[in-house]
Amino acid sequence: MSDKIRLSVLVSLIVLFGCAAIAQTKARLRTSDTELALEALPEAPRVAQFDFPGQPAWQNRASEALIPFAEISGEKAACSWKFNSEASRISDQQVVFVYDSASPHLRLSWEWRTRQSYGPLEHQVRIENLDNREMWIPMQDSLAFDWQVDPKQALQQLFVEKGANTPSNAGTHQVPVGDGFHWTGTSSTYGDLFENQPREIIPWTLVERNDAGHSGWYAGIEFSGRIRVALSREKDSLQAALGLNPDPSPFRTRLKPGESFESPVVFFGGFRDGPDGAGNVLRPWVRAVLGNPETWKDPNYPLVVNNSWGGGMQVNEEIAERMIRDSAELGVDMFHIDAGWFRDVGDWYPNPEKFPRGLGVIADDAHKHGLKFGIWVDWTQAGLSTQPGALNARDPKVRNWMVTDIPQDWKPEPFKGQTIDIGVPEAKEWAEHEVNRIITDYHLDMLEHDGYLVAHGCDRADHPHAAPDPLNKCVYKSSGAYFVDGPNATDVSYHAVRAYYEIYSKMRQSHPGLLFEVCNDGGRMVDFGTAAHGDYFSITDTYDPLSNRRAFYDTSHVLPPAMLESYVEKWPVPRIENFRYMLRSGMMGWLTIMLDTNAWSAEQHAEAKKEIALYKKELRGLIRDANLYHVSPRPDGVHWDGIEYWDPERKRGVLYAFRGTVENEKTHSFVLHGLQPAAQYLLKFHDSGATRTVTGSQLLSGGVNVALNVPNSSELIFIEEVSK
Ligand SMILES: [Zn+2]
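Calculation rules
Residues numbered from 1 in each chain as written. Predicted model: local features only at pLDDT ≥ 70, side-chain atom pairs only at ≥ 80, totals over all residues. Heavy atoms only, no water. Axes fitted to C-alpha atoms, helices over the stretch in contact; angles between N-to-C directions. Helix = DSSP H or I, 4+ residues; strand = E, 2+ residues; numbered from the N terminus. Parallel < 35°, antiparallel > 145°, perpendicular 65-115°, else oblique. Left-handed = near helix turned anticlockwise from the far one by under 90°. Contact = heavy atoms within 4.5 Å. Nonpolar A, V, L, I, M, F, W, Y, C, P; charged D, E, K, R; others polar. Disulfide = S-S within 2.5 Å. Buried < 20%, exposed > 50% of the residue type's maximum accessible area, 1.4 Å probe, protein only. Pairing = 2+ DSSP bridges. Right-handed = clockwise from strand over helix to strand, strands pointing away. Polar contact = N/O pair within 3.5 Å; in protein donor to acceptor, adjacent residues only side chain to side chain. Core = buried A, V, L, I, M, F, W, Y, C linked by side-chain atoms within 4.5 Å.

Describing the packing of helix α4 (residues 317-330) against helix α5 (residues 360-368)
When two helices pack together, their arrangement is captured by the angle between the axes and the distance separating the axes.
For step 1, the next point in the chain: Look at α4 against α5: their axes get within 10 Å of each other, and the N-to-C directions meet at 15 degrees. By the angle class used here, α4 and α5 are roughly parallel. Remark: the crossing between α4 and α5 carries right-handed chirality. Facing α4, whose interface residues are Glu 317, Ala 320, Glu 321 and Ile 324, α5 presents Ile 362, Asp 365 and Ala 366.
For step 2, the next point in the chain: Looking at the contact of α4 with α5, its residues break down into four nonpolar, no polar and three charged.

Printed below as a string of structure tokens:
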């Protein structure tokens, strides 16, 4: 070997080993409460360890399971994943480990990112088809763990149900996670629609160590399609998986050349001090990361709303104008016309008999009275109207957008039609145009979408999603519409939800300041994907005081209370105390009154006006910014229940106290949280007028004693730090 060659070999070796030395395969990402050690193994990436400051670390034993094959022209081709260090990226805020499969030619990006200096980290998997042929890929989970745990370590899980339809008797579940534990929670946009369907969860779960720190981790999914969260324990192994729902299997999704599959974004964070400790980090994080900055900029958010559904479908111009006058007199912020204003389902033009001058004049009248204006609409539903502009299920152009062929004798219900599949590009384009027209023509400040926006399964073989399995599908009717079940259901929802998000993202760009209410038949679309695309949620479809408080109790574990709307509807209120109790049961988050306020007595009217003024002056700021504590068991309507807000910045808070129906429980003590033991606090009982000064340590141990003589009544106790 000549010297020259020797030198060249030496240089090559230096380059080779030099590259290997800088090819970083380990990285750490951290916020103030979550730190992850990430590792790129040669054939798969993994989270190696999770740390929360001051608590024992969590060690993960599994690496992420990457899809093992793709199908090309009906043939399965095994993937052989290899770490690509050159394409990978590492910074303080983001780690992307890239894996390539040469044949089938795919690139997988495994990404973690911090979005704030505090709170959880976000994670997503992207799989890109680099081949020049169409492929089908199987299920890729968003995230999976196998935590090593001490077999003796007691663990417990917390998860919360959606308030879909009516909140159940449980709602907030705290369960021990022992050996042999297996649990799966699911979420779609159809919670509690079908018989024998398990209740859906808000796609999130928390695991806590039963020790002094009450520390652990939580994880959630930022997607509204068919998804699942699974948790199981076998001795020293705690396994968790989050992502699209693989059931019914087999899931498959199409990737055209150049297209990418994006797993639903998940977030993962650590906490201490139990579920409220987790919530007081997660809620502000959701506001900062997923919330709409335009919305939060408005100091009047969350709004007080007067909604027309108190009179059902009867609304017309005269009723609307009377409601606007009364709304202004009561001091509410927005007038909201619910269902009943349109010509027909799918025909979203004002009914000329009810609104001969259209909706624009109603909006202008609301604006003149200092109110915002919003309407209800069900913009993915087709009906049978033949008027120009209507979405007619029999129209040959539209027929194929339905999830199945609709029988000749089908008729829509008064405000429910047949959902179209907006995962179809032409259907999406129509819907986007229609939503934009509605917002513009009717001068809207707020658009509420209701009904079943996302297709539930689909029968069509020529849509972008996977074709149905003819041997494993069922078509059935519920609430006047047709639904399809089969192995393609998750892929159908994957496409339709992404279309919905794209439409709403565009609307936000072209209509800054516009508010979106997420309704979907009351509480069935409460998830972190809609939190990123809408401004507030109808959290349940049952509006009595107990259902409102239950839905709020459950949902407020994970979402900012300002986003949680309670509709307050007519309820028996023989005494003014009961009237206040009814209103306040919907005043812990976003308040929408759904009563005929003109039917109120003079006393009730005056009382409502005072309560709305109190909400705007004292409560709204706390609902926006304060920490929230669940200071009682979940409401049962029989015993007492309560929610505490405490804002450590303003050094102010409030306790909402509700008394149930039991005769012999006239007093109750609420142990408070978040206060300084050594500080002095002034308590002001709003209704009784009493005041008391007590130490933090008293409030944190013995609590605040509240006395109420009337069953189904309430009190608001304002808390103010007066000295140290
Ligand atoms: Zn379809």
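A closer look at the state of the cysteines
For step 1, the next point in the chain: Considering all chains together, one arrives at zero disulfides under this definition.
For step 2, the next point in the chain: Not part of a disulfide, Cys 474 finds its nearest cysteine sulfur in Cys 458, a span of 14 Å.
For step 3, the next point in the chain: Overall, the relative accessible area of 36% leaves Cys 474 in the partly exposed class.

Notes on the pairing of strand β23 (residues 304-307)
For step 1, the next point in the chain: Because side chains alternate across β23, one face comprises the buried residues Val 304 and Asn 306, and the other comprises Val 305 and Asn 307, equally buried.
For step 2, the next point in the chain: Relative to strand β36 (residues 590-594), β23 runs parallel, the two sharing three bridges. Each bridged residue has a counterpart across the sheet, and for Asn 306 the counterpart in β36 is Ile 593.
For step 3, the next point in the chain: Here β23 runs beside strand β24 (residues 334-337); their pairing, made up of three bridges, is parallel. By the bridge assignment, Asn 306 is partnered in β24 with Phe 335.
For step 4, the next point in the chain: Crossover connection from β23 via α4 to parallel β24: handedness right-handed.

Concerning helix α10 (residues 545-555)
For step 1, the next point in the chain: Summarising burial for α10: ten of the eleven residues are buried, a large majority.
For step 2, the next point in the chain: Along α10, the residues classified as buried are Pro 545, Ser 547, Asn 548, Arg 549, Arg 550, Ala 551, Phe 552, Tyr 553, Asp 554 and Thr 555.
For step 3, the next point in the chain: A side-chain oxygen of the first residue of α10 lies 3.2 Å from the backbone nitrogen of Leu 546; this N-cap is Asp 544.

Considerations on the nonpolar core
For step 1, the next point in the chain: By size, the foremost hydrophobic cluster in this structure holds 183 residues, and its most contacted members are Trp 217, Ile 337, Trp 341 and Trp 379.
For step 2, the next point in the chain: Discounting residues that sit within four places of it in the chain, Trp 379 has contacts with Trp 348, Ile 422, Trp 430, Ala 431, Val 435, Leu 447, His 449, Leu 453, Tyr 500, Ile 503 and Tyr 504.
For step 3, the next point in the chain: Within the second largest apolar cluster, 20 residues are counted, among which are Trp 646, Phe 670, Leu 675 and Leu 699.

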